[in-house]
Amino acid sequence: MTIPTTTTPGIHHVTMIAGDPQRNLDFYVGALGLRLVKRTVNFDDPHTYHFYFGDEAGTPGSLLTFFPWPTARPGRAGVGQVGVVSLAIAPASLGWWIQRLISSGIPYEGPAKRGDEQVISLRDPGGLLVELVAHASAESRPVWSAGSVPAEHGIHGVHAVSIWAERPDPTLETLAALGFRADGERDGVTRMAAGDGGSGALVDVRHVGGFLRGLGGAGTVHHVAFRAADDAAELDLRAVVRGLGLSPTPPIDRNYFRSVYFREPGGVLFELATDGPGFAIDEPAAELGATLKLPAQYEPQRAEIEAALPPIELPGTPEGKFV
């Protein structure tokens with residue numbers, strides 16, 4: 001397949017479904033040391049939080065986002081889903097993270113060698129499969145230096161995602177159309193790389209024929225978003241997707257970026273997300289995540305929405321519970 005003129009440089013964010021919002025905060029802010037860069041609501045269900053975790057500025061590629069529904073039923077990872085989310089750490093931090101998990105009482109497996117990576121496997125409180133991957137390319141990417149994890153051991157954003165596919169070829173062809181290229185195969189997994197081919201630009205497509213299809217719910221991935229430099233690049237990539245015979249949505253304004261959604265042939269929900277305008281458009285960069293931010297259409301309902309959302313507190317902060 002011819003590589004398109006406009007390509008994605010890699011992953012923008014990964015969005016998951018969680019259960020209890022406080023447990024979600026405690027794990028990703030408290031245990032893993034990420035920054036809560038935006039506290040808002042699900043734009044399609046404003047009585048539910050939407051948390052964004054990332055580095056200091058919420059740089060595209062650093063972002064994990066969650067819809068935490070306190071009453072969400074457990075999901076099941078399976079065919080047609082992103083089954084594993086891998087986070088990047090520096091190779092020199094591997095031992096520190098093992099000690100961190102032990103002292104925090106978080107079960108884990110590994111480290112296991114996988115090519116030029118060292119991998120620690122664990123689950124978050126909702127059951128999501130998470131990896132900490134030590135790789136040299138992580139070190140060039142920023143971290144959140146004022147959190148619960150020292151800067152030298154901080155998480156350097158998303159390393160990769162693993163798609164579980166019954167028929168990998170159509171998924172691989174879709175990724176290739178977006179600008180990914182094959183970068184090796186190991187144990188039934190084809191690695192696809194975009195941009196510079198390093199951490200944050202990787203998608204593994206695992207052949208899992210015979211597995212049950214995934215069921216959405218707590219502990220599963222809702223979608224993975226790929227970067228588009230700007231609105232023009234997003235429209236170019238959308239045209240590529242239409243050329244594949246798929247059905248992308250028109251661009252949708254998400255305040256902090258604009259989004260186009262479509263399902264790839266294997267069933268995984270993909271998003272194209274612009275790099276800008278970013279998370280400092282509605283609160284100062286130094287105060288990201290400090291207060292609940294609502295899109296303009298929901299501001300008239302703020303009192304009702306705040307009353308419906310469960311109270312939360314950031315780990316390690318003295319303010320007490322807030323929304």
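Residues numbered from 1 in each chain as written. Predicted model: local features only at pLDDT ≥ 70, side-chain atom pairs only at ≥ 80, totals over all residues. Heavy atoms only, no water.

### Some thoughts on the overall build of the chain
And step 1. Assigned secondary structure in the chain consists of five helices and 16 strands.
And step 2. Its C-alpha atoms give the chain principal-axis dimensions of about 55 × 45 × 35 Å.
And step 3. Burial statistics for the chain: of 323 residues in total, 54% are counted as buried.
And step 4. Residue pairs in contact within the chain that sit at least 24 positions apart in sequence constitute 65% of those at least 6 positions apart.
And step 5. Taking the average location of the 26 positive side-chain charges in the chain and that of its 37 negative ones, the two points are 4 Å from each other. (Helix = DSSP H or I, 4+ residues; strand = E, 2+ residues; numbered from the N terminus. Buried < 20%, exposed > 50% of the residue type's maximum accessible area, 1.4 Å probe, protein only. Contact = heavy atoms within 4.5 Å. Lys, Arg positive; Asp, Glu negative; His and termini not counted. Charge placed at Lys NZ, Arg CZ, Asp CG, Glu CD.)

### Examining the pairing of strand 13 (residues 220-228)
And step 1. Counting buried residues in strand 13 gives seven out of nine residues, a clear majority hidden from the surface.
And step 2. Inspection of the sheet shows strand 1 (residues 11-18) paired to strand 13 by six bridges, in the antiparallel sense. Counterpart to valine 14 in the pairing with strand 13 is valine 224.
And step 3. For strand 13 and strand 16 (residues 269-274), the ladder comprises five bridges, and the chain directions are parallel. Bridge pairing links phenylalanine 226 to leucine 272 in strand 16. (Pairing = 2+ DSSP bridges.)

### Topic: the pattern of salt bridges
Between side chains of opposite charge, a pair can form when the charged atoms approach closely.
And step 1. According to the stated counting rule, one finds 11 salt bridges in the structure shown.
And step 2. Beyond isolated ion pairs, a larger network of salt bridges with shared partners links Arg114, Glu117, Glu131, Arg191 and Asp204. (Salt bridge = Lys/Arg side-chain N within 4 Å of Asp/Glu carboxyl O.)

### Some remarks on the confidence of the model for the chain
And step 1. Across the chain, the average pLDDT comes to 95, with 97% of residues at 70 or higher.
And step 2. Within the model, the stretch residues 318-323 combines pLDDT values under 50 with 18 contacts to residues more than four positions away or in other chains. (pLDDT = per-residue confidence, 0-100.)

### A short note on the nonpolar core
For soluble globular proteins, the rule of thumb is that nonpolar side chains tend to be buried together.
And step 1. In this structure, Val14, Tyr28 and Leu64 are the most contacted members of the largest nonpolar core, which totals 69 residues.
And step 2. Top contributing element to this core by residue count: helix 1 (residues 21-31), with five residues.
And step 3. Contact partners of valine 14, with chain neighbours within four places excluded, come to Leu63, Leu64, Thr65, Val85, Val158, Val161, Val221, His223 and Val224.
And step 4. Ranked by size, the runner-up nonpolar core spans nine residues in total, among them Leu63, Ala225, Tyr256 and Ala273. (Core = buried A, V, L, I, M, F, W, Y, C linked by side-chain atoms within 4.5 Å.)

### Side note on the sheet that holds strand 7 (residues 117-123)
And step 1. As summarised here, the arrangement of the eight strands in space is 6-7-8-5-9-12-11-10, forming an open sheet in which the pairing is mixed. Of all the strands in the sheet, just strand 6 (108-114) and strand 10 (181-186) have a single pairing partner and so form its edges. Here the average twist between neighbouring strands, direction ignored, is 25°.
And step 2. Bridge analysis of strand 11 (residues 189-193) against strand 12 (residues 202-207) gives five bridges, and the strand direction is antiparallel. Within the sheet, the bridge partner assigned to valine 189 lies in strand 12 and is arginine 206.
And step 3. Running over the sheet, helix 3 (residues 168-178) touches strand 9 (158-165), strand 11 and strand 12 and is turned about 165° from strand 12. (Axes fitted to C-alpha atoms, helices over the stretch in contact; angles between N-to-C directions.)

### Topic: the packing of aromatic side chains
And step 1. If you walk through the whole model with that rule in mind, you get 16 aromatic pairs.
And step 2. With centroids separated by 6.3 Å and ring planes inclined at 70°, the aromatic side chains of tyrosine 52 and phenylalanine 257 adopt a geometry described as edge-to-face. Highlighted residues: tyrosine 52 in strand 3 (residues 45-54) and phenylalanine 257 in the loop between strand 14 (252-253) and strand 15 (258-263), separated in sequence by 205 residues.
And step 3. Judged by its relative accessible area of 3%, phenylalanine 257 is buried.
And step 4. When the ring of tyrosine 256 is compared with that of phenylalanine 279, the centres are 5.2 Å apart and the planes differ by 25°; the resulting orientation is stacked. (Phe/Tyr/Trp six-rings, centres within 6.5 Å; stacked < 30°, edge-to-face > 60°.)

### Topic: the sheet that holds strand 3
And step 1. Here eight strands make up an open sheet; going across it, the order is 2-3-4-1-13-16-15-14 and the pairing mixed. With one partner strand each, in any of the chains shown, strand 2 (35-42) and strand 14 form the two edges of the open sheet.
And step 2. This element, helix 1, spans strand 1, strand 2, strand 3 and strand 4 (63-68) of the sheet and lies at about 10° to strand 3.
And step 3. Taken strand by strand, helix 4 (residues 231-243) contacts strand 13, strand 15 and strand 16, and its axis lies near 155° from that of strand 16.

### Description of helix 1
And step 1. Burial within helix 1 is extensive, with nine of its 11 residues counted as buried.
And step 2. Taken residue by residue, helix 1 has Pro21, Gln22, Asn24, Leu25, Phe27, Tyr28, Val29, Gly30 and Ala31 as its buried positions.
And step 3. The opening residue of helix 1 is aspartate 20, an N-cap whose side-chain oxygen sits 3.2 Å from the backbone nitrogen of glutamine 22.
And step 4. Count one or two residues on from helix 1 and you reach glycine 33, which has phi positive near 75°. (Polar contact = N/O pair within 3.5 Å; in protein donor to acceptor, adjacent residues only side chain to side chain.)

### Structural notes on the pairing of strand 4
And step 1. Counting buried positions along strand 4 yields six of six residues, so the element is predominantly enclosed.
And step 2. Burial along strand 4 is two-sided: the face carrying Leu63, Thr65 and Phe67 and the face carrying Leu64, Phe66 and Pro68 are both buried.
And step 3. Note that strand 3 and strand 4 share three bridges and pair antiparallel. Directly across from tyrosine 52, in strand 4, lies its bridge partner threonine 65.

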